[in-house]
Amino acid sequence: MYRIQKYNFTCITAAILAVVMLCFVSCKGKVASNESLVQSRDSIPGLHAWDVSTVISDSGITRFRLNTPEWVIYDKPADPYWHFPKGLHFDRFDENLDVFASVDADSAFYYNQKEFWVLIGNVKSMNLDGERFETDLLYVDRKADRIYTDHKMKITQSDKIINGVGFESNQRLSKYTILNPTGIIPIDEEEQE
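What you see is a predicted model, and the numbers here were worked out from it, not measured in a lab. (Residues numbered from 1 in each chain as written. Predicted model: local features only at pLDDT ≥ 70, side-chain atom pairs only at ≥ 80, totals over all residues. Heavy atoms only, no water.)

### A short note on the overall build of the protein
Worth spelling out the cut-off: Labels follow the DSSP assignment, with helices taken as runs of H or I lasting at least four residues and strands as runs of E lasting at least two, numbered in each case from the N terminus. Exposure is judged per residue with a 1.4 Å probe applied to protein chains only, and the accessible area is read against the type maximum: over 50% gives exposed, under 20% gives buried, and values in between give partly exposed. Per-residue and other accessible areas follow the Shrake-Rupley method at a 1.4 Å probe size, with only the shown protein chains counted as cover for residues.
Each helix and strand in the protein was counted, giving two helices and 11 strands. Burial statistics for the protein: of 193 residues in total, 34% are counted as buried. Roughly 12,700 Å² of accessible area belongs to the protein as shown, and the carbon and sulfur atoms make up 56% of that amount.

Pasting the structure below:
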């Protein structure tokens, strides 16, 4: 009787070991495929928010007011960035909290370390003097205090519309140059009314 119990115990142990080994072998393929998904953490957003309305400060001073339907923050790439895939509107404030520039775009990227914006699609901006700037691609380099594009630009002033290709300005949009003007169209005051 002792031998039968020992035999049953050995058979049960062998059966359990076989089942465990079978599980490890069958799971091996699934683990490898899941590992490839986790390897690129830099392509997974650290934050994803919807219907955002916020102010952004620098050194305790409010600099921007930002509104966007969707904000995605990628914080793990070598060059971290924010993405606004469904557009954004922001106002830039001066030291007295007066809006000196506003910007709208269909999509945008902001690279944190470079302090660099890329505004894409129906980019519209307005400066303190009421001049409107329109283009389809605009770069804003905050560190260099420079806004520029090599695309078409339309500037609407109170008395004329200036068209051209290529544009450079300071961040306040107060000192700017159209690199290749293509035309100036006077605005008739009667047509405006």
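### Focus: the nonpolar core
Put simply, the rule is: Throughout, nonpolar core names a set of buried Ala, Val, Leu, Ile, Met, Phe, Trp, Tyr and Cys residues whose side chains join them through atoms within 4.5 Å. The criterion used for residue contact is that any of the two residues' heavy atoms lie within 4.5 Å.
Residues F84, L88, W117, L119 and F167 are the most contacted members of the largest nonpolar core, which totals 27 residues. Looking at this core, the element that brings in the most residues is strand 2 (residues 61–74), giving four residues. When sequence neighbours within four positions are dropped, the list of residues in contact with F167 reads F133, L138, I147, Y148, T149, M153, I155, L173, Y176, T177, I178 and L179.

### Focus: the environment of T54
By the secondary structure assignment, T54 is in strand 1 (residues 47–58). Excluding residues that lie within four positions of it along the chain, T54 makes contacts with F64, R65, L66 and W71.

### Things to note about the packing of aromatic side chains
The geometry of an aromatic ring pair is captured by two quantities: the separation of the ring centres and the angle between the planes. Filter applied, for reference: Pairing of aromatic rings covers Phe, Tyr and Trp, the last through its six-membered ring, and needs centres within 6.5 Å; plane angles under 30 degrees mean stacked, over 60 mean edge-to-face, and all others mean tilted. By definition, being over a ring means that NZ of Lys or CZ of Arg is both within 6 Å of the ring centre and within 35 degrees of the ring normal.
As enumerated under the stated definition, the model contains 17 aromatic pairs in all. Note on F167 and Y176: the rings are 5.9 Å apart at their centroids and 35° apart in plane angle, and the pair reads as tilted. Looking at F167, the relative accessible area reads 1%, which means it is buried. Ring-pair connections join several aromatic residues into one group, and the members of that group are F64, W71, W82, F84, F90, Y110 and W117. For K114, the ring lying beneath its charged end belongs to Y111, and the centroid distance is 5.7 Å.

### Describing the confidence of the model for the protein
The condition is simple: The score called pLDDT rates the predictor's confidence residue by residue, from a low of 0 to a high of 100.
Predicted confidence across the protein gives a mean pLDDT of 84, with 77% of residues reaching 70 or more. Low pLDDT (under 50) marks residues 1–7, which in the prediction has zero contacts with non-local residues, meaning those over four places away or in another chain.

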